[in-house]
Amino acid sequence: YFPLRVRAGNSPPRITSTAPTVASEDVEFVYAVDAVDDDGDTILWSIDSGPEGMTVDSLGVVRWTASQADVGSTAIVIGLNDAGGAGNTHSFSLSVSNTNDVPVAATLADTSATEDLTFLRALSAVDEDPSDSVFTFSLTTGPDSASIDAQNRLVWTPLQADVGAPVLTVRVSD
């Protein structure tokens, strides 16, 4: 007979949650990773692999806001290490869906129109969404005689009552 002591090994932290699989562009993704360390050690978190800007805090909360460039699938690896040096990883994929981004009308420089002569100005816009290339323009403020035609042009024949600096506001949608 002899005394034998068995020492507990250092078990790595283990994940007890299931990662989400979807995220949306321009919406903050938040995932509170649940994990335990059977030895009671403090867990240290890291982003071992993932998109730029993704963070994980000391409580295991992952945060990230996807941009248009992130639409599609992205692989993520979260690292977990304990104070005793044991480690583990939590790997998952996110499918990032597109959000319809608001188009932006091209800025029009200050310009002049002449009373009783038709003024035409082509309108244009840009949109982050690569599939959005057809825009609808509408005149939200301006003289009653101003309009937007089928070719997306601002059309206006200023009258005597319009002389000065009237404000015309154009809205664009996709």
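Up top is the structure.
For clarity, every value in this text was computed on a predicted model and none was experimentally measured. Numbering of residues begins from 1 in every chain and follows the order in which that chain's sequence is written. For this predicted model, a pLDDT threshold of at least 70 governs which residues receive local features, and a threshold of 80 or more governs which side-chain atom pairs are given and counted, while totals over whole chains, interfaces and linings are taken from all residues. As a rule here, side-chain values come from all non-hydrogen atoms in the structure, and water together with hydrogens is ignored.

Overview of the environment of A150
Helix and strand assignments come from DSSP, with helices taken as H or I runs of at least 4 residues and strands as E runs of at least 2, each series counted from the N terminus. Mapped onto the secondary structure, A150 falls in the loop between β14 (147-148) and β15 (153-156). Sequence spacing of A150 and F137 is 13 residues, and the spatial spacing of their C-alpha atoms is 9.5 Å.

Some thoughts on the packing of aromatic side chains
Here a Phe, Tyr or Trp ring, Trp counted by its six-membered ring, pairs with any other such ring whose centre lies within 6.5 Å, and the pair is stacked when the planes are under 30 degrees apart, edge-to-face when over 60, and tilted otherwise. Counting across every chain of the model gives one aromatic pair. Aromatic pair Y31 and F92: ring centres 5.6 Å apart, planes at 85 degrees, arrangement edge-to-face. Here Y31, found in strand β3 (residues 28-32), pairs with F92, found in strand β9 (residues 87-97); they are 61 residues apart in sequence, far enough to count as distant. Residue classification places F92 among the buried positions, given a relative accessible area of 9%. Residue exposure (1.4 Å probe, protein chains only): buried if accessible area is under 20% of the type maximum, exposed if over 50%, otherwise partly exposed.

A look at the sheet that holds β15
Note: two strands are recorded as paired if DSSP finds a minimum of 2 bridges between them. An order of β11-β15-β14 is seen for the three strands of this open sheet, with the pairing classed as antiparallel. Strand pairing shows two members of the sheet lacking a second neighbour, β11 (119-122) and β14, which therefore form its edges. Relative to β15, β11 is paired through four bridges, and the arrangement is antiparallel. Each residue of the ladder has a partner; that of F119, found in β15, is W156.

So, the sheet that holds strand β6 (residues 55-56)
Strands pair in a sheet through their backbones, by hydrogen bonds, and they do so in one of two ways: parallel or antiparallel. Spatial ordering of the open sheet is given by β3-β7-β6, a layout of three strands whose pairing is antiparallel. The open sheet terminates on both sides in strands that have one partner only, identified here as β3 and β6. Bridge count between β3 and strand β7 (residues 61-65): five bridges; the pairing is antiparallel. Across the sheet, the residue bridging to E28 is T65, located in β7.

Some points on the side chain of D162
Here D162 lies in the loop between β15 and β16 (169-173). It turns out D162 is buried and unbridged, and the closest side chain with the opposite charge, R121, is 16 Å from it. Those residues in contact with D162, other than ones at most four positions away along the chain, are P143, S145, W156 and T157. Asp and Glu count as negative and Lys and Arg as positive, but His and the ends of the chain are not part of the count. Every case where a carboxyl oxygen of Asp or Glu lies within 4 Å of a side-chain nitrogen of Lys or Arg is listed as a salt bridge. Pairs of residues are marked as contacts when any of their non-hydrogen atoms sit within 4.5 Å.

Examining the side chain of D101
Within the fold, D101 resides in the loop between β9 and β10 (104-105). For the buried D101, which has no salt bridge, the nearest side chain bearing the opposite charge is R171, at an N-O separation of 14 Å. D101 has contacts with E25, D26, Q68, D127, E128, D129 and D174, leaving out every residue within four places of it along the chain.

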